[in-house]
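Commentary on secondary and tertiary structure
Read off the chains here:
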Amino acid sequence: MAEDFTGRRGCSGLLNLGLSVVVLLGIVWMVTQKDFSFSDFTKRFGKISSTSSEEVLLTVPLVSDQKIPQTDLVVVKVKKDESDRKNAENQYEIQFDYKSAANKTTAWEQVLASKYKDGHQYVKCLYDQENIYVIIKDFIYALARKSGDKIWTLRLRDQVSPECTNCISIVQRKLMVLTTDRILHSINTLNGNILKKNRLETPKAQGIGFYAIKNKIVLTDQLEDKPSVSASVIVINPITLMPLRFFTPTAHRKLDSGKVYRVDMPLAFDKIGSHVYMMPEGTHVQCWDIDNGKKNWDKQLPSRVLLPDKMKDLQFVEHQTSMYLQGTSGNSNIILKLDLLDGAMKSLVSEVDYSLSPLIGYRNQLFVLSQKTRGNQRSDIWALNNKNGFISWRYNLRNHALYNPSTQQGNLYYAFYKGNLLVIQYLAEDKQILVEKLNPMNGRLIKKSIKDVEGSKWNQIVATDHQVYFSMDEVYRLDLKTGEIETVDY
């Protein structure tokens, strides 16, 4: 007995007609909007049915002239699914895209295959006028900036630490690389040949790199690998990799004589690279002249005041002729003001139930991130008078974790541009980036921008003089002048 499908076909036809009308009306509505873009619509429509299969690991702005608002970019991407990264040779692919700011196009693409499953977690990038240098664990690749062609490949005897943010640099046209076995390499950027190596005395120093200052290399190391030998700050010639001079911290008090200071001791450099400020045990500060090797002054901290005793915990801001450091005084958290010229110190502000982190200075103000440590969770930006510590205004935040470039963790970031303070927050619950532009004199909101984004966190943040780039599932660019954020979609 045959079944009658007429009724079913009728219902199905009405349903399809209804869906078609809804889709058509939606398209008509979007087309008639003032800011409608067909290319933007097609991208958005594609995202409705599928989430991104890639994530951006790094965004590298190729800055040649700070006056140019937008620069070319190298964008490093990887497939989210581990199985999708494998190629026919069972290696793991990492993609590099060169984005041309002038043409708004992707000028070239290059895929590097790594034998390491976790190689994408170790990727580092830097560049010069000719090449882009990529480090993946113990491999270094040089790619031509114009074409993306592979120029040379070098394999080192050990890898570069993923958490070290200052283990690679270009100094006097030499590629300097410090591997986890504490060997400093000088590499010819033209052909990848190793020119010199310096085996440092300290065998282990996780995340502790070097500083390129005035075409010299400055780092901390022991003069001998013995438990009784303190670390020193050593200035190294980048051509020969031989020491030029070194500064060994000295005990401020007699009862501290004989103390051994480690390579991760806190230290800071002034902006002009003339002096290094060592804080060997969190109880005193020494100022040394980098050029002549002389100690300018040695000052003990005020009574009960302590600074962090490890480099990774040191938080400081240089502003005008002072340095502002996060510290403690008994049960209180403080901001210590240190005069860079003569070493005079005073506690600028002290709070019992708040953690205080210095952010940036502007005119007679110091901006500080305050976070409640007792009771409800609350984070604010405070504007402090840098003479007396008086709080002139507070601005409440929705997030609490300041972005840390070494761990790539955090959902709060800030920037300062031509007299405006910009606070940027990733709102995980809404999948949005919120940008708030504040008047630094009174803390009032000037402008607010919100951008829907793809991705669960900031994989990397990098800033130029005019832009801030956020690497997530896509690249998002914040224009510091306008306060607007957009997708880099070319």
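Further up the page is the structure itself.
The structure reproduced in this document is the subject of the present report. (Residues numbered from 1 in each chain as written. Predicted model: local features only at pLDDT ≥ 70, side-chain atom pairs only at ≥ 80, totals over all residues. Heavy atoms only, no water.)

Things to note about the overall build of the chain
When you go through the chain residue by residue, the secondary structure sums to two helices and 37 strands. When each of the 490 residues of the chain is scored for burial, the buried share is 49%. Within the chain, contacts between residues separated by at least 24 positions form 43% of all contacts whose residues are at least 6 apart in sequence. (Helix = DSSP H or I, 4+ residues; strand = E, 2+ residues; numbered from the N terminus. Buried < 20%, exposed > 50% of the residue type's maximum accessible area, 1.4 Å probe, protein only. Contact = heavy atoms within 4.5 Å.)

A look at the state of the cysteines
For the coordinates displayed, the defined rule picks out one disulfide. C164 shares a disulfide with C167; S-S distance 2.1 Å. Disulfide C164 to C167: torsion about the S-S bond roughly 90°, handedness right-handed. Of the two residues examined, C164 and C167, each falls in the buried class. (Disulfide = S-S within 2.5 Å.)

Quick word on the sheet that holds strand β27 (residues 365-372)
Read across the open sheet, the four strands follow the order β26-β27-β28-β29; overall the sheet is antiparallel. What marks the edges here is a single partner per strand, and that holds for β26 (354-362) and β29 (391-396). When strand polarity is set aside, the average angle formed by the axes of neighbouring strands in this sheet is 25°. With five bridges connecting them, strand β28 (residues 379-385) and β29 associate as antiparallel partners. Note that in β29 the partner of D380 across the bridge is N396. (Pairing = 2+ DSSP bridges. Axes fitted to C-alpha atoms, helices over the stretch in contact; angles between N-to-C directions.)

Considering the packing of aromatic side chains
Per the stated rule, a full pass over the model turns up 16 aromatic pairs. On the basis of an interplanar angle of 85° and a centroid distance of 6.2 Å, the ring pair of Y413 and F470 is categorised as edge-to-face. With a gap of 57 residues between them, Y413 in strand β30 (residues 412-417) and F470 in strand β35 (residues 467-471) connect regions that are remote in the sequence. Ring plane angle 50° and centroid distance 6.4 Å describe the contact between Y426 and W458, whose orientation is recorded as tilted. Pair noted here: Y426 is in strand β31 (residues 420-427) and W458 is in the loop between β33 (445-452) and β34 (460-463), with a separation of 32 residues, a long-range link. Assigned by exposure class, Y426 and W458 land together as buried. Cluster of aromatic residues (ring-pair linked, three or more members): Y403, Y413, Y414, Y426, W458 and F470. It is K137 that lies over the ring of Y116; its NZ or CZ is 4.6 Å from the centre. (Phe/Tyr/Trp six-rings, centres within 6.5 Å; stacked < 30°, edge-to-face > 60°. Lys NZ or Arg CZ within 6 Å of the ring centre and 35° of its normal.)

Concerning unusual backbone geometry
For K214, which is not glycine, the phi dihedral falls at a positive 50°. Looking at the secondary structure, you find K214 in the loop between β13 (211-213) and β14 (216-222). The phi angle at Q320 is positive, at roughly 55°, despite the residue not being glycine. Judged by relative accessible area, which is 48%, Q320 ranks as partly exposed.

A closer look at the side chain of R145
For R145, the position within the fold is in the loop between β7 (139-144) and β8 (150-155). Although R145 lies buried, it forms no salt bridge, and the closest oppositely charged side chain, D72, sits 5.5 Å away as judged by the N-O distance. Reaching out from R145, the side chain makes a polar contact with the backbone oxygen of D128 at a distance of 2.8 Å. (Lys, Arg positive; Asp, Glu negative; His and termini not counted. Salt bridge = Lys/Arg side-chain N within 4 Å of Asp/Glu carboxyl O. Polar contact = N/O pair within 3.5 Å; in protein donor to acceptor, adjacent residues only side chain to side chain.)

With respect to the pattern of salt bridges
Evaluation of the coordinates by the stated rule reveals 16 salt bridges. Note that E484 and K447 form a salt bridge whose closest N and O atoms lie 2.8 Å from each other. Highlighted residues: E484 in the loop between β36 (475-479) and β37 (485-487) and K447 in strand β33, separated in sequence by 37 residues. Among the charged side chains, a salt-bridge network with shared partners connects E54, K77, K79 and D97.

Re the environment of K431
With respect to the element layout, K431 can be found in the loop between β31 and β32 (432-438). Linking K431 and G455, residues 24 residues apart in sequence, is a C-alpha distance of 7.5 Å. In this view, K431 contacts Y426, K451, D452, V453, G455 and S456; residues no more than four positions away in its chain are not counted. Engagement of the side chain of K431 in a polar contact is seen with the backbone oxygen of G455, the distance being 3.5 Å.

A closer look at the sheet that holds β7
Across the sheet, which stays open at both edges, the four strands sit in the order β5-β6-β7-β8 with antiparallel pairing between neighbours. Unpaired on one side and paired on the other, β5 (124-127) and β8 mark the two borders of the sheet. Taking each pair of neighbouring strands and ignoring which way they run, the sheet shows an average axis angle of 15°. Note that β7 and β8 share five bridges and pair antiparallel. Bridge pairing in β8 links Y141 to T153.

Digging into the pairing of strand β2 (residues 72-79)
Within β2, six of the eight residues are buried, which leaves it mostly tucked inside the rest of the structure. In the sheet, strand β1 (residues 54-62) pairs with β2 via eight bridges, with the strands oriented antiparallel. By the bridge assignment for β2, E55 is matched with V78. Where β2 lies against strand β3 (residues 92-100), five bridges are found, and the strand directions are antiparallel. Bridging from a neighbouring strand, K77 pairs with Q95 of β3.

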